[in-house]
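Single-letter residue listing:
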Amino acid sequence: MSEVKLAAELRSEFGKGAARRIRRDNKVPGVLYGHGSDPVHVTLPGHDLLLALRTPNVLISLDIEGKNELAIPKAVQRDPLKGFLEHVDLLLVKRGEKVSVDIPVHTEGDLAPGAFLVEHVLNALPVEAEATHIPESVSVSIEGLSAGDSVLAKDITLPKGTTLTVEDDTVVLQVLAAQAEEPAAEGEGEGEEAAEA
């Protein structure tokens with residue numbers, strides 16, 4: 001797990017106007033909370049934060065005006081059209097502390113020959129892991145699977161120190177037979193409308 005260092009500034013201005021001014025300076029407003037402490041409002045460097053958030057559950061080492069804190073992203077708000085960061089909520093963590101996170105599920109291998117589709121019932125697997133050792137993702141082999149086969153949470157090999165926070169028999173992936181859409185016959189439906197009139 002990579003650790004990203006970011007310099008943060010405390011902020012005392014709140015509201016839409018203040019947030020717009022912060023974003024105009026290529027920075028992102030954020031809130032740091034957890035461990036029963038009062039929320040700390042911070043301003044983070046926009047580009048560096050954007051790069052850091054490319055890694056799921058990234059561990060961020062914050063230098064808040066000389067004080068160091070560890071945090072993981074809990075909620076990220078993006079502009080729906082342009083995609084830039086609008087706000088971020090960060091959860092305080094300590095080394096050795098266990099945290100609950102969702103880690104992305106990636107598939108490996110090829111399905112059995114035929115027209116089959118993989119349905120991701122869970123795109124991310126809920127797990128508990130040490131804050132400084134959160135896995136970036138888990139890989140699941142779908143080699144040779146066909147319609148009706150599924151992969152359960154208990155079937156996924158997790159890194160050492162990581163445990164599931166869902167039931168063992170939770171379906172993560174399932175394989176479906178591809179359905180070919182039949183073309184509608186001409187004239188179908190027209191007679192029904194006439195009968196209703």
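Everything that follows concerns the structure shown earlier in this document.
Residues numbered from 1 in each chain as written. Predicted model: local features only at pLDDT ≥ 70, side-chain atom pairs only at ≥ 80, totals over all residues. Heavy atoms only, no water.

Student: Report on the overall build of the chain, specifying residues and quantitative values.
Tutor: Helix and strand counts for the chain stand at three helices and 13 strands. Out of the 197 residues in the chain, the part that is buried amounts to 33%. For the chain, long-range pairs separated by at least 24 residues make up 64% of all intrachain contacts whose partners lie at least 6 apart in sequence. By element, 48% of the accessible surface of the chain is carried by carbon and sulfur atoms, the whole surface being about 12000 Å². (Helix = DSSP H or I, 4+ residues; strand = E, 2+ residues; numbered from the N terminus. Buried < 20%, exposed > 50% of the residue type's maximum accessible area, 1.4 Å probe, protein only. Contact = heavy atoms within 4.5 Å. Areas by Shrake-Rupley, 256 points an atom, 1.4 Å probe, with all protein chains shown as cover.)

Student: Could you give an account of the sheet that holds strand β3 (residues 37–45), naming the residues involved and the relevant values?
Tutor: Spatial strand order, β1-β3-β2-β6-β5-β4: six strands in a closed barrel with mixed pairing. Taking the axes of each pair of neighbouring strands and ignoring which way they run, one obtains an average angle of 45 degrees across the sheet. Summarising the sheet, strand β1 (residues 3–10) and β3 pair through two bridges and their orientation is antiparallel. Bridge pairing links Glu9 to Thr43 in β3. Strand contacts of helix α1 (residues 16–24): β2 (27–34), β3 and β6 (85–93), with the helix running at about 120 degrees to β2, the strand carrying the most contacts. (Pairing = 2+ DSSP bridges. Axes fitted to C-alpha atoms, helices over the stretch in contact; angles between N-to-C directions.)

Student: An account of the nonpolar core is needed here, citing residue identities and associated values.
Tutor: If you look at the biggest cluster of nonpolar residues, it comprises 24 residues, and the most contacted ones within it are Ile72 and Leu125. Listed by contribution, the elements that provide at least two residues to this core are β5 (67–78), β6, β7 (98–108), β9 (124–130), β10 (138–141) and β13 (171–177). A per-element tally of this core places β7 first, with four residues. Of all hydrophobic cores here, the second largest spans 18 residues; its members include Leu6, Ala8, Ala52 and Ile64. (Core = buried A, V, L, I, M, F, W, Y, C linked by side-chain atoms within 4.5 Å.)

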